[in-house]
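Read off the chains here:
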Amino acid sequence: MLASEAAMTKSYLTTSTGSKAKVHRRKPAIPVIKHIAKDNDQEKQEVLTKPIELSRVIHFLEDPLAATLKERQIFALKKVVKRCQKGFLLKELADVFKILYICAEKSKDHPEYTSVLCDLLKICRLPFLKEKTSDEVTYAQTVKESLSQMGFLMRVPNAEVRNQICHSIISVYSSVTSKHCVDGLHPTSLGYRVQLLEQSGLAETLVLSMALLENQPAVKLQVLQTLQMLSSSSDMNCSLILKAQGAQQICFHMNEPDPSGQVLFRSSEILWNLLERGCKEEVTAQLSNMDCIMALKEAFLHQLLNGFRHYDLQLRNDLLVITTLIAENPKSPLIESLFAKQLIIFVTFPELKSHNPLVRNLKLSYNNEDFEMKRLLLNLVVVMSKDLSALQLFKEGHVVLALLQLVKPTAAPPEGQSSPRNWTPVQQEELQLQALATLATVAPLMLDDYMTCQGNTCLLLLLEWCTERDAYFGQGHSFHGTGGRGSKKAQMRYCVRLLRSMVSLGNEAINQDLFDQGAISQLLVIIMQMEGSPEEEDVITLEIKADIQLILSALCENNPHRKELFGSEGVEMTVHFLKMSTEKFYSGLGHNKLILSTVDCVWSCIVGCYTTEDVFLEKEGIFLLLDLLHSSPRNMQNVVLGTLLELCDNPKTMSHILAWRGQKSLTTPGLLLQLWRQEEAELGVSRDLYGRISDPKKPILCYYQEEEDSQVSLPANRPSAAVMDVSENLRSKIYSVFCKLGFEALPGLSTEDYITLSIVTRYLDFKVGEVWDEISKELSLEGVRPVTPDEEALDTIAKMTEDTARRVTTQQSSMLEQQDKEDVSEEKRMYTEISSNWKQQELTAQSWEHFVAKTSNYKILKETKEHQERSIDSSRPKPKHKKAIFHSTQINGLQITKFCGRVMTVESTPFHLTGGPLANTELALERVPIQGGALRKPPTATEDPEYFNTVSVK
């Protein structure tokens, strides 16, 4: 029998030389026993020296005739293990895992195969080997399938096999690839193995296998460790785990008995990894069921009440973070499980005393982990506040009162007394700031509790504390403490932000309570102190100033009495900020928000009260608003113009608006028309090159009105495009301002402005025509035919609108023609002036040439002298006729004498002696040719040319 087994084993293990090896059974002879032993030893030696082929081993294992040869099969498998001690070749990987599969099947009935199976799985910890670089690409699909089969081996009930599978998977991430070649073979890279392991779906298989590990806690812990490794390094693995409902499965079993104490830790780490690298919504959805919430509740309470090690406290905080993320899901049964109610008790501890058994014996060590838990609980309150059903729990747990207790400044203990154990100053500062931030979310939802706890008084006292000069030094380490190091700026920032949240609700009881406690004057003092501070402005400071102005606006809006108390101090504050340089708009610090809140403060605190309006006008507030309108960005002009329009109800405002002058003598009407043209250009209104109406049927239609789908009928509660246009752009406000200013006798307008003004004048008519046109289209879409009189009325209105547009177009054309005529006239006048200047220059040049000629040519000089003598003779008086009447040349003390063609005016007697002062007396000078008299030097380039050479002597 031994000889026959040896012969059969030899026939299976002999190396085949052909493509298909044929196995021939032969009937062994009956040799002598001594010779049989010798042949058996020779065959074993022959097997040890010849290389083994995996395909023949697989054939040997699968052959039904060899089913009874268990020892020989195990011997062959050990040969495979010995041969592959340095790793499996990529090209042999398919055969190796087929052998693993066969061994797994045989181990069900024959446990002896389990040890060989474990040995083979141990080799899987080593990197796979490649003969060529291209092997990685060639055998990639084989590697994926093989790794997937490794996961399916978890069905083998043996604990050692399952542990070996987990260790092999972990080794893929932890093993270091050797750079040295092994017999000409190279190990595959780490990235290659990790990538193919992700694509094999092994993570999903491990999650599904956890259902088979109920009675093997050690193996389950190993699987959790493997899943932790897989989820911490790959997004794809996290997706596969979630695909198998991994978050839910892990949470279900996180509280199972565990002597090692690692199951809860591993489970929480896996959930953390899934939340960080996977789909957070999918994770929270899987955990948002009653079983998972109860499991988290049990784990958290156990760690909170029984944990004392640093490890336990950290794990407690991790579970609280996971609970907070679950609370963000509105479908989570956090309230129904009573977990939320218990968490609220811990939120108010230790600020409020409670007899609840959960906190009766609870003591905090006030270390960093307890501090983190307190912060996480405050954050949980903000998250839970999104669910209105949680507000009742807040009310029962007195959450607002506990938060206000945290907000109050901590007083230093009296000298000689030791302070009770509590939070450190740094921790107290961070909790104070976070409590303020939490109140900004919770307090607007719980107004009754806020008023009952005197929230306004607490916040105003905190503001007063923030302005005091004392030895307090803010650390500014936390997120909420940004920018507050060395001061109380962070506390003031969040206090003012909380007040803004409360007054913006419009609750009259809260606003009246603030007003009665002097909030307006207190806030005005604070903002002016901050403005006068020598510290450099930063984002925090500008935010505080803007919030204070918004609070003042909310308090004074629609209340004339409060506007009157806003008074001159408030007006000076707004005027001061309106003088801000426009260069700061784009500083990035928030000056644009500050100037916008200032305009809102003018609108809400000044407009509507004539007393404050008059003070604002005296401070040149209108000029500042117009300067801001001229220089402000496009998105701010609507608010500024709206404020100006409201101020126009004061009759004193008109003179200020008309007196304003901008750059290049720009007037208010010119500025408004310029804004109108910019608005129409942005809205895509059809205009020609000169700004005239190009389409009389659509004189002011915007592009979005044309693009709107005209085939859909609008519901009754939705305004049409023509109506929305009135409130969404500047044109309606500009038209309203012109209705106050008038449309005629406006200063500083050009022809382009008058063309635009003709459109502005008819804006209301055009807008009414648009609305009627929309009504007509709406009736047509709904299939409604108006009665004949109504139809005729609609046609008449449409025709009137078009005729009005045509008349405006004609008027605009006449303006352009008149402007062209004026341009031509101005051009002619300019040409005449230029011609006269050139002629004068020519005459001057001729005169100079004549003068030079006299000095160089005696004949010309002689002729000139003779001409001069004749002129003198002709100027002498003729003999008087005896009957002629002589008239005196003296008029009211002036003696007029004529010399050489010139007129000389001589004052003979002072005016105060004669009593007849010369007033408004003008003498026409005689025009004489340049040839006579003395010659003058030609004028220089800087002198204005003279048209005539005249002399006046006094």
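Everything numeric in this text was worked out from a predicted model, so none of it was measured.

(A) Focus on the overall build of the chain. In terms of helices and strands, the chain carries 45 helices and five strands. Counting the 954 residues in the chain, one finds 44% classified as buried. Residue pairs at least 24 apart in sequence account for 75% of intrachain contacts in the chain once pairs closer than 6 positions are excluded. Of the accessible surface of the chain, which amounts to about 52300 Å², a share of 54% is contributed by carbon and sulfur atoms.

(B) Layout of the environment of Phe-75. For Phe-75, the position within the fold is in helix α4 (residues 70–83). For the pair formed by Phe-75 and Val-116, sequence separation is 41 residues and the distance between their alpha carbons is 9.6 Å.

(C) Main features of the nonpolar core. Counting 227 residues, the largest nonpolar core has Phe-346, Phe-394 and Leu-552 as its most contacted members. Look past the residues within four positions of Phe-346 in its chain and what remains in contact with it is Phe-300, Leu-301, Leu-304, Leu-358, Val-359, Leu-362, Lys-374 and Leu-377.

(D) How the structure looks around the side chain of His-253. As for its position among the elements, His-253 is in the loop between α14 (246–252) and α15 (263–277). Residue classification places His-253 among the buried residues on the basis of a relative accessible area of 16%. Leave out the neighbours within four places in its chain, and His-253 touches Glu-214, Lys-220 and Val-263.

(E) Looking closely at helix α16 (residues 280–287). All of the buried residues in α16 are Val-283, Thr-284, Gln-286 and Leu-287. Looking straight down α16, one finds that the buried residues subtend no more than 160 degrees of arc, so they occupy a single side.

(F) Representation of the pattern of salt bridges within the structure. Applying the stated rule across the entire model yields 43 salt bridges. For the salt bridge of Lys-489 with Asp-538, the shortest nitrogen-to-oxygen distance reads 3.3 Å. Of this pair, Lys-489 sits in helix α27 (residues 489–503) while Asp-538 sits in the loop between α29 (519–532) and α30 (539–556), and the two are 49 residues apart along the sequence. The exposure class assigned to Asp-538 is partly exposed, which follows from its relative accessible area of 22%.

(G) Examining unusual backbone geometry more closely. Of note, the amide linkage connecting Phe-349 to Pro-350 takes the cis form, showing an omega dihedral of 5 degrees. Summarising the element assignment, Pro-350 is placed in the loop between α19 (339–347) and α20 (357–360). For Asn-558, which is not glycine, the phi torsion reads 60 degrees and is therefore positive. Within the fold, Asn-558 resides in the loop between α30 and α31 (560–578). Unusually for a residue other than glycine, Ser-665 sits at a positive phi of about 60 degrees.

(H) Representation of a negative patch on the surface in the model. On the surface, a cluster of negative charge is contributed by Glu-817, Asp-820, Glu-822, Asp-823 and Glu-827. Checked against the element boundaries, Asp-820 lands in helix α43 (residues 788–856).

(I) Representation of a nonpolar patch on the surface. On the surface, Leu-764, Val-768, Trp-772 and Ile-775 cluster together into a nonpolar patch covering about 330 Å² of accessible area. The topology assignment puts Ile-775 in helix α42 (residues 763–781). Taking the relative accessible area as the measure of exposure, Ile-775 reaches 35% and is therefore partly exposed.

(J) Quick peek at the packing of aromatic side chains. This model, assessed by the stated rule, comprises ten aromatic pairs. Ring centres 6.1 Å apart and planes at 15 degrees place the aromatic pair Phe-738 and Phe-743 in the stacked group. On the basis of relative accessible area, Phe-738 is assigned to the buried category, the value being 0%. An aromatic cluster is present here, built from Trp-676, Tyr-735, Phe-738, Phe-743 and Tyr-763 joined pairwise through their rings. Seen from the ring of Phe-515, Arg-562 lies directly overhead, with NZ or CZ sitting 5.2 Å from the centre. Between Arg-731 and the ring centre of Trp-676, over which it is positioned, the NZ or CZ distance is 6.0 Å.

(K) Geometry of the confidence of the model for the chain. The predicted model of the chain averages 83 in pLDDT, with 83% of residues at 70 or higher. Contacts for the low-pLDDT stretch residues 1–50, under 50 throughout, to residues beyond four places or in other chains number 35 contacts. A low-confidence stretch, residues 913–954 stays under pLDDT 50, and its non-local contacts, those more than four residues away or across chains, total 49 contacts.

How each quantity is defined
Residues numbered from 1 in each chain as written. Predicted model: local features only at pLDDT ≥ 70, side-chain atom pairs only at ≥ 80, totals over all residues. Heavy atoms only, no water. Helix = DSSP H or I, 4+ residues; strand = E, 2+ residues; numbered from the N terminus. Buried < 20%, exposed > 50% of the residue type's maximum accessible area, 1.4 Å probe, protein only. Contact = heavy atoms within 4.5 Å. Areas by Shrake-Rupley, 256 points an atom, 1.4 Å probe, with all protein chains shown as cover. Core = buried A, V, L, I, M, F, W, Y, C linked by side-chain atoms within 4.5 Å. Arc of directions from axis to C-beta. Salt bridge = Lys/Arg side-chain N within 4 Å of Asp/Glu carboxyl O. Patch = residues over 30% accessible without salt bridge, like charges linked within 9 Å, V, L, I, M, F, W, Y side chains within 5 Å. Lys, Arg positive; Asp, Glu negative; His and termini not counted. Charge placed at Lys NZ, Arg CZ, Asp CG, Glu CD. Phe/Tyr/Trp six-rings, centres within 6.5 Å; stacked < 30°, edge-to-face > 60°. Lys NZ or Arg CZ within 6 Å of the ring centre and 35° of its normal. pLDDT = per-residue confidence, 0-100.

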